[in-house]
Amino acid sequence: MTYLRTGVCHTGEGSLSNVLIGVENGRIASVRPAGDPFPADFGSIRDMPASPADFGSARDMPASPADFAGASPRPAGGVIDLSGLTVLPGFIDIHFHGGNGYDVMQGTYEAINGLSLHKLAEGVTSFCPATMTDTPENIRRALSGVRGALERGTDGARIIGAFIEGPYISREFRGAHTERLLRPDFTAREVEELIDFGAGAVASVALAPELPNALETIAALRRRGVNVRLGHTAATFAEAKAGIAAGGNVAIHTYNAMSPLNHREPGMVGAVMTEPGIYAELICDFIHVHPAAAAILLKMKGPDKVILVTDCISAGGLGDGEYNLGGEPVTVAGGVVRNSEGRLAGSTLSVITAVRNVCETLNAPLADAARMASANPAKALGIYDRTGSISEGKTADIIAIDGEYNVRFVMVGGEVKIMRG
Ligand SMILES: [Zn+2]
């Protein structure tokens, strides 16, 4: 058993302080108070040990609190001291295309594994690599890369499954997706064939609900357990609501590339704001969305329905310059990514920066921002029974950050991946 000793710990379900998280066989075995005196607000912990002897591996525990002195995380006889940091569930980025020079469309194990390592530094412990609109062959190649990485396993963050972002989207709201390769006249059968090809590698598909066969396709995907997201859409309010009723439960990059809220035709944005069931992705870099618009979204949806995503491209973690996104050239200037038409084409955002932006600019509590980056995406994708909070029985996906939002500790499935003193 390894123990993580925490100071402040936002578990995703509540906020605790001074707890010991027991990790065994990759799972969270216990979440218990670290010792006397217990804070009065430990209401949610019902199975407090009567004495230290109740801890099975008591010999792993330090002899005295003095052994925990200092803020540096360090292993000490099976105990890692994170008490000077804030402990959170590992972040889950369900929408990004690349980083550190890698692009999901490269379709190689090296690219996906490289991304899994790159994402650790921003606190990500699991992720959905996203494809771009491309030829059927190239999308299949990307899926093969994801499938291979799922089979072989990755060295960093864990893959949930691929997110197919195009080509089943609106021409008018295509954003940076290549117009000539869009498939607005797709059929359910065509999309299902892609799912079959992926053989379990596809977690999620985006489509525009107003397209001719969209509702039937949403229903078919949901029957197969594939998550459906709505976006890159010109949907009217009624069409958007129909897509949500059919089973689309996430709006991709809310406000961006979707029919805006007009007071007589509230569009996709209006449906996202008024339909309680749909989660709202937000690219919170204040480039894609004005802080006031982000604040309105947060107010309308509440902290349990917003999902922080990065939509990051291969330039993430690197400097300004020329890159490409799914084969199309893009330019990064001042961290802002645009294609040759001048359209925003993804971001260079990291999840920890999005969390910081939500806290510092939108004035949300860190516990709320952390849920937007962890519990909410896990719930939206139906994996909250396994990850997305620090709870007994779940996979040990745990991070710790300091007061400057530096990620200092990352554990994926019980393995320590980053520990910075
Ligand atoms: Zn997009």
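Remember, predicted model here, so these are calculated numbers, not experimental data. The residue count restarts for each chain, going from 1 along the sequence in the order it is written. Totals for whole chains, interfaces and linings use all residues, but because this is a predicted model, local features are given only for residues with pLDDT of at least 70 and pairs of side-chain atoms are given and counted only at 80 or more.

Before going further, it helps to spend a moment on helix H6 (residues 267–274). To sort residues by exposure, count the other C-beta atoms lying within 10 Å of each residue's C-beta; 20 or more gives buried, 12 or fewer gives exposed, and values between give partly exposed, all with C-beta atoms placed from the backbone. Numbering goes from the N terminus for both helices and strands, where a helix is a DSSP run of H or I of at least four residues and a strand is a run of E of at least two. Among the residues making up H6, those that are buried are Met268, Val269, Ala271 and Val272. Viewed along the axis of H6, the buried residues span an arc of 160°, placing them on a single side of the element. Note that contacts rest on C-beta atoms placed from the backbone: two residues are in contact if these are within 7 Å. Tucked into the core, H6 has its buried residues touching helix H5 (237–246), strand E15 (250–251) and strand E16 (279–283). Note: the arc covers the axis-to-C-beta directions of the helix.

A few words on unusual backbone geometry. That bond from Gly166 to Pro167 is cis: its omega, 15°, falls within 30 degrees of zero. A positive phi is found at His253, a non-glycine position, where the angle reads about 25°. In this structure, His253 sits in the loop between E15 and H6. Phi angles above zero are rare outside glycine, and Ala257 is one such case at about 60°. Among the secondary structure elements, Ala257 is positioned in the loop between E15 and H6. Judged by the 24 C-beta atoms lying within 10 Å of it, Ala257 is buried.

Within helix H4 (residues 214–223), burial applies to Ala214, Leu215, Thr217, Ile218, Ala220 and Leu221. As for H4, its buried residues are in contact with helix H3 (188–198), strand E13 (202–207), strand E14 (227–230) and H5. Directly beyond the C-terminal end of H4, a positive phi value near 80° is found at Gly225.

Let's shift gears to the domain arrangement of the protein chain. Delimitation of the domains relies on an automatic or database domain assignment. Domain assignment breaks the protein chain into domain 1 (2–89 + 391–419) and domain 2 (91–380). Those elements that place two or more of their residues in the side of domain 1 that touches domain 2 are strand E6 (79–89), strand E21 (398–401), strand E22 (407–412) and strand E23 (415–419). Its residues placed into classes, the side of domain 1 that touches domain 2 shows 9 nonpolar, 5 polar and 2 charged. Amino acids are sorted into nonpolar (Ala, Val, Leu, Ile, Met, Phe, Trp, Tyr, Cys and Pro), charged (Asp, Glu, Lys and Arg) and polar (every other residue, Gly among them).

Below, the discussion takes up the packing of helix H1 (residues 109–118) against helix H2 (residues 136–152). Interaxial distance between H1 and H2 falls to 8 Å at its minimum, and their mutual angle equals 65°. Of the two possible hands of crossing, H1 and H2 adopt the one that is right-handed. Only Gly145, Val146, Gly148, Ala149 and Arg152 of H2 make contact with H1, whose side of the interface consists of Tyr109, Ala111, Ile112 and Asn113. Axis geometry follows a simple rule: fit a line to the C-alpha atoms, using only the stretch in contact for helices, then measure angles between N-to-C directions, giving values from 0 to 180 degrees. Crossings are assigned a handedness: left-handed for a near helix turned anticlockwise from the far helix by less than a right angle, right-handed for a clockwise turn.

Strand pairing is assigned whenever DSSP identifies at least 2 bridges connecting the two strands. Strands sit in the order E18-E19-E20 across an open sheet of 3 strands; the sheet is antiparallel. Strands at the two margins of the open sheet, each flanked by one partner only, are strand E18 (321–325) and strand E20 (336–339). Going across the sheet, the axis of each strand differs from the next one's by a mean of 35°, ignoring polarity. Note: strand E19 (residues 328–333) against E20, 4 bridges, orientation antiparallel. Within the sheet, the bridge partner assigned to Ala333 lies in E20 and is Val336.

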